[in-house]
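Chain by chain, the residues:
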Amino acid sequence: MQKLARVRSVAAWSGCSITSRCQSTVANPALRNDEHPVKYEGPDYNTTKVIRKENLSPAMSTYYSEPLLIHQGKMQWLWDHSGKKYLDMFGGIVTVSVGHCHPKVNQALHKQIDKLWHTTNIYMHPTVHEYAAKLADKMPGNLKNVYFVNSGSEANDLAMYMARLYTGNHDILSFRNAYHGMSPYTMGLTAHSTWKFNVPTGMGIHHVMNPDVYRGLWGHQGCRDCPVVPKGVQVCAESEGDCATAVDNYMDQFEEVVRYSLPKGKSVAGFFAESIQGVGGSVQYPKGYLKKAFARTRELGGVCISDEVQTGFGRTGEHFWGFQGHGVIPDIVTMAKGIGNGFPLAAVVTTPEIAATMGQALHFNTFGGNPMAGAVGISVLDVMDEEKTMENSKVVGTYLLEKLVTLVDKYEIVGDVRGKGLMIGIEMVEDKASKKPLNGVDMMKIWDQTKDSGVLIGKGGHFGQVFRMKPPMCINKQDADFTVQVLEEAIHAVNKTR
Ligand code: PMP
């Protein structure tokens, strides 16, 4: 009876019938304390599904067995067409950084919309200049020249050009299991068959072995820069013990590619790396690896490119940029997603020396640095400073990781919990010994149940075996508690049937 009463209370806030989708026995008080959502006025659910099938790309997949129709957002909350409220633990794929419809960002955009939408850069307008200076101020070293574009793929395309023009070399290295975009150029950098078509891409791009200390050949969970480890795992310091061995062995593999795949004279244009792999499933490298890989790339005449599309803007908690956690400074940094809190905005930042070679031809981008994007970008940076979102990522992210890691000890199907700040992965397996990825049916059961219980999380990894949590950086500890309770309940339901 007591349990039924609790289920009823969840049903009340979520607006769904007790017999339908609500399965959770846990409730987040914030979800119950509901403001009234805006009335949904779009096409009805089934019509929307038909339009999607008939008029949108058939290759565009949706999450969950029954796709969500979302029409309103506020900070860490989303509402669907039926008025059901969700805690958004994925931020529109790591993009909503400071919160859905953050009032300060909205206000800045409204103000700009009423003044000026668009000029292109054939004229000067104040916003892009103010923003470039502000963003450059967030960069370490000599990373001072900012190029504004509209998406992460565009940013990585441009970074490839820069690397090739500056070095005069052609070959580029990236990791297997990396995701750097889906433009014809970046599809070559991306190393996931899931995201590749059967067309020629990737001329001169070579993929080095992914230094994944959980699923890879060397290292273990104690070798990476993560504030938690499962029980019994020994943490090793950078350059010591298993961590040093893992770095050396993975660097030997890097060298194999240099030896066999690069042209005589062994030259590269550049090496691309995410600080923590995003789409690949929040994969972290052994401590010290990136330092060595960057040093070797520079010996080979190449530049080092950090893809901070997911890890930038304080998401990893300790630093504003993920690469700072590896003790390196890249030559080129690409950023998107969190930079605009959902507005189409991206950037490449590099040194004046590298930027100078981009002067060989005119470089033009119609929308890059558009006044509206600039206004949004400035206010996002302001909010990050004022609301200390990076610090919140560290505090709440570490709290969440500490709770999640206990699931590894409790459930056979939870293989690994990793990440930093609010960039978290939970790798699901058939069993801990084999590390065989958990089958798709069970993954979907868990995923659907978390959604039905009011929490939206992401999924990634080459086999779709990793749950990902990368929420707006305004979530609090109560949201973290609720998330873990909901996820645990869903995992428990699947684990107990085995
Ligand atoms: N780099 C990384 C690390 C990404 O995660 C993504 C997008 N998932 C991209 C680049 C490409 O960004 P976009 O989809 O904006 O082109």
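Residues numbered from 1 in each chain as written. Predicted model: local features only at pLDDT ≥ 70, side-chain atom pairs only at ≥ 80, totals over all residues. Heavy atoms only, no water.

**Student:** Can you help me understand empty space enclosed by the protein in this one?
**Tutor:** A water-sized probe, rolled over the atoms, reveals where empty space remains. According to the stated counting rule, one finds 2 cavities of 30 Å³ or more in the structure shown. For the largest cavity, the calculated volume is near 80 Å³. Taken together, Asp225, Ser275, Ile276, Gln284, Tyr285, Thr316, Gly322, Gly325, His326 and Lys420 make up the full set of residues lining the largest cavity. Here the residues of the lining of the largest cavity are counted per class, giving 2 nonpolar, 6 polar and 2 charged. Here the second largest cavity defines a volume of roughly 50 Å³. Surrounding the second largest cavity, Val94, Ser97, Glu308, Val309, Gln310, Gly312, Phe313, Arg315, Gly338 and Met473 form its lining. (1 Å grid on protein atoms, 1.4 Å probe; cavity = no way out; pocket = protein on both sides within 12 Å on 5 of 7 lines; lining within 4 Å. Points joined across faces, edges and corners; volume = space filled by probe spheres on them. Nonpolar A, V, L, I, M, F, W, Y, C, P; charged D, E, K, R; others polar.)

**Student:** Whenever I open this one, the packing of helix α13 (residues 440-452) against helix α14 (residues 477-495) confuses me. Can you help?
**Tutor:** Any two packed helices are characterised by the angle at which their axes cross and by the distance between the axes. Look at α13 against α14: their axes get within 9 Å of each other, and the N-to-C directions meet at 145°. Read as a crossing pair, α13 and α14 show a hand that is right-handed. Mapping the contact onto sequence places Asp442, Lys445, Ile446, Gln449 and Thr450 in α13 and Val486, Leu487, Glu489, Ala490, Ile491, Ala493 and Val494 in α14. Tallied by class, residues from the contact of α13 with α14 come to 7 nonpolar, 2 polar and 3 charged. (Axes fitted to C-alpha atoms, helices over the stretch in contact; angles between N-to-C directions. Helix = DSSP H or I, 4+ residues; strand = E, 2+ residues; numbered from the N terminus. Left-handed = near helix turned anticlockwise from the far one by under 90°. Contact = heavy atoms within 4.5 Å.)

**Student:** Which parts of the structure should I look at to understand the environment of Ser261?
**Tutor:** Structurally, the position occupied by Ser261 is in helix α8 (residues 241-261). By relative accessible area, Ser261 is classed as partly exposed at 33%. Expressed as a C-alpha distance, the spacing of Ser261 and Gly204, which sit 57 residues apart in the sequence, is 9.0 Å. Every residue in contact with Ser261, bar those within four places of it in the chain, is listed here: Asp171 and His206. (Buried < 20%, exposed > 50% of the residue type's maximum accessible area, 1.4 Å probe, protein only.)

**Student:** How should I be thinking about helix α9 (residues 289-299) in this particular structure?
**Tutor:** Because an α-helix packs 3.6 residues into every turn, residues spaced three or four apart end up facing the same way. What α9 keeps buried is the set Tyr289, Leu290, Ala293, Phe294, Arg296 and Thr297. Buried residues of α9, viewed axially, fall in a sector of 165°; they line one side. Looking at the buried residues of α9, the elements they touch are β5 (172-175), β6 (205-208), α8, β7 (270-274) and β8 (303-307). Once α9 finishes, Gly301 follows within two positions and takes phi at roughly 90°, a positive value. (Arc of directions from axis to C-beta.)

**Student:** For this particular structure, what's the right way to read the sheet that holds β8?
**Tutor:** Picture the strands of a sheet paired through backbone hydrogen bonds; they go either parallel or antiparallel. Read from one edge to the other, the open sheet built from 7 strands follows the order β4-β10-β9-β8-β7-β5-β6, with strand pairing classed as mixed. Each end of this open sheet is capped by a strand with a single partner; those strands are β4 (145-149) and β6. Averaged over all adjacent pairs, the angle separating strand axes in this sheet is 20°, with direction ignored. One ladder, built from 4 bridges, connects strand β9 (residues 332-335) with strand β10 (residues 346-350); its direction is antiparallel. Its bridge partner being in β10, Ile332 is matched across the sheet by Thr350. Sitting on the sheet, α9 touches β5, β6, β7 and β8, and the angle it makes with β7 is about 160°. (Pairing = 2+ DSSP bridges.)

**Student:** What is the right way to read the side chain of Ser275 from this model?
**Tutor:** For Ser275, the location among the structural elements is in the loop between β7 and α9. A distance of 2.5 Å separates the side chain of Ser275 from the side chain of Glu308, its partner in a polar contact. (Polar contact = N/O pair within 3.5 Å; in protein donor to acceptor, adjacent residues only side chain to side chain.)

**Student:** Please clarify how the site of the ligand should be interpreted in this entry.
**Tutor:** The local shell around the ligand holds 13 residues, among which Gly152, Ser153, Asp307, Gln310 and Lys337 are the closest. Within the side chain of Gln310, a nitrogen or oxygen atom sits 2.8 Å from an oxygen atom of the ligand. Here the ligand, which alone exposes 390 Å², has 83% of that area covered by the protein. It is helix α7 (residues 152-167) that contributes the most residues to the shell around the ligand, 3 residues altogether. Here the shell around the ligand is composed, by residue class, of 3 nonpolar, 7 polar and 3 charged. (Near = heavy atom within 4 Å. Areas by Shrake-Rupley, 256 points an atom, 1.4 Å probe, with all protein chains shown as cover.)

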